[in-house]
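Chain by chain, the residues run as shown.
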Amino acid sequence: MKRMEKRKTVNRMGLAAALMVVCSWIGVPGPVPFTLQSFGVFVTAGLLGGTKGLVSVLVYILLGIAGLPVFAGARGGLSVLLGETGGYIIGFLPMVFFCGKLCERKQSIPRMYIAMTVGLLLCYATGILWNVIVFFGADYWNGVSTVVISQIIPCVVPDIIKMTLAVFTVKKLKEYGI
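This is a predicted model, so every value here is computed, not measured. (Residues numbered from 1 in each chain as written. Predicted model: local features only at pLDDT ≥ 70, side-chain atom pairs only at ≥ 80, totals over all residues. Heavy atoms only, no water.)

## Details of unusual backbone geometry
If you check the backbone angles, Ala-74 has positive phi at about 55° while not being a glycine. Mapped onto the elements of the fold, Ala-74 is located in the loop between helix H3 (50-65) and helix H4 (78-81). (Helix = DSSP H or I, 4+ residues; strand = E, 2+ residues; numbered from the N terminus.)

Here is the structure:
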């Protein structure tokens, strides 16, 4: 029985990585294009918890580094991580871990919203820090305001929508025993 549980867990982790790949391919074009990647990370955190979710996101990132087209726009390779979105992709790691850890306990709707908000803020912080260090260097404060205005503010409403969809998706999947 224990061996079967381990197999189920590994399968779920692989499916979560696959979900993130598919979600990264579903995008809405615009001045700041956005995808459903964060939705995939939210669902992964809610279903798998912190540690298993972290492994799934790490697998997803490693597949991308290896050159497979798993990132937004069906892109892959280390160059994607070294670009503007790299910090947010790396930010999925603390996002899934802390969100997942908070979701491992009681999974009420308000608790999941709080957990996902904390995770999203960690992802934003990582992305901002990455962009400021890589692209702005010594012009730190100007870099922070530029990144927040150009990359974060346009994504807040879509991210809240994705978070809401993820909360109810996780709740429904948990009802079905997934």
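Once the structure has been displayed, the description carries forward.
## Considering the pattern of salt bridges
The final tally for this structure, using the stated rule, is three salt bridges. We note a salt bridge from Lys-101 to Glu-104, for which the minimum N-O separation is 3.7 Å. Linking Lys-101 with Glu-104, this pair stays in helix H5 (residues 86-104), spanning three residues, or about one helical turn. In this structure Lys-101 comes out as partly exposed when scored by relative accessible area, which is 30%. (Salt bridge = Lys/Arg side-chain N within 4 Å of Asp/Glu carboxyl O. Buried < 20%, exposed > 50% of the residue type's maximum accessible area, 1.4 Å probe, protein only.)

## Some remarks on the nonpolar core
Counting residues in each nonpolar core, the largest one holds 39 residues, and the members touching the most others are Val-57, Tyr-60 and Phe-92. For this core, the secondary structure elements donating two or more residues are helix H1 (2-25), helix H2 (37-48), H3, H4, H5, helix H6 (109-136) and helix H7 (140-175). Contact partners of Tyr-60, with chain neighbours within four places excluded, come to Ala-17, Met-20, Val-21, Ser-24, Gln-37, Val-70, Phe-71 and Phe-92. (Core = buried A, V, L, I, M, F, W, Y, C linked by side-chain atoms within 4.5 Å. Contact = heavy atoms within 4.5 Å.)

## Looking at the layout of surface pockets
Taken as a whole, the largest pocket holds about 640 Å³ of empty space. Lining the largest pocket are 31 residues, and of these Pro-33, Phe-34, Thr-35, Gln-37 and Thr-85 sit closest to its centre. The set of elements that each furnish at least two residues to the lining of the largest pocket consists of H1, strand E1 (27-28), strand E2 (34-35), H2, H5, H6 and H7. Residue contributions to the lining of the largest pocket peak at six residues, all from H7. Across the lining of the largest pocket, the residue classes break down as 18 nonpolar, nine polar and four charged. Estimates place the volume of the second largest pocket at around 200 Å³. If you go around the second largest pocket, the residues you meet are Thr-9, Arg-12, Gly-46, Leu-47, Leu-48, Gly-49, Lys-52, Cys-103, Glu-104, Gln-107, Lys-174 and Ile-178. Ranked by residue count, the leading element in the lining of the second largest pocket is H2, at three residues. Along the lines of polarity and charge, the residues of the lining of the second largest pocket split into four nonpolar, four polar and four charged. (1 Å grid on protein atoms, 1.4 Å probe; cavity = no way out; pocket = protein on both sides within 12 Å on 5 of 7 lines; lining within 4 Å. Points joined across faces, edges and corners; volume = space filled by probe spheres on them. Nonpolar A, V, L, I, M, F, W, Y, C, P; charged D, E, K, R; others polar.)

## Here's the deal with the side chain of Gln-37
In this structure, Gln-37 sits in helix H2. When near neighbours in sequence (up to four residues on either side) are disregarded, Gln-37 contacts Met-20, Cys-23, Ser-24, Tyr-60, Phe-71, Ala-72 and Phe-92.

## A look at the packing of H1 against H2
Direction vectors running N to C along H1 and H2 enclose 160°, while the axes themselves pass 7 Å from each other. Here H1 is positioned roughly antiparallel relative to H2, judged by the angle of their axes. The two elements H1 and H2 meet at a crossing, and its hand is right-handed. Contacts between H1 and H2 involve Arg-12, Met-13, Ala-16, Leu-19, Met-20, Cys-23 and Ser-24 on the former and, on the latter, Gln-37, Phe-39, Gly-40, Val-41, Val-43, Thr-44 and Leu-48. Across the contact of H1 with H2, the residue classes tally to nine nonpolar, four polar and one charged. (Axes fitted to C-alpha atoms, helices over the stretch in contact; angles between N-to-C directions. Parallel < 35°, antiparallel > 145°, perpendicular 65-115°, else oblique. Left-handed = near helix turned anticlockwise from the far one by under 90°.)

Taken by themselves, the reported measurements are silent on function.
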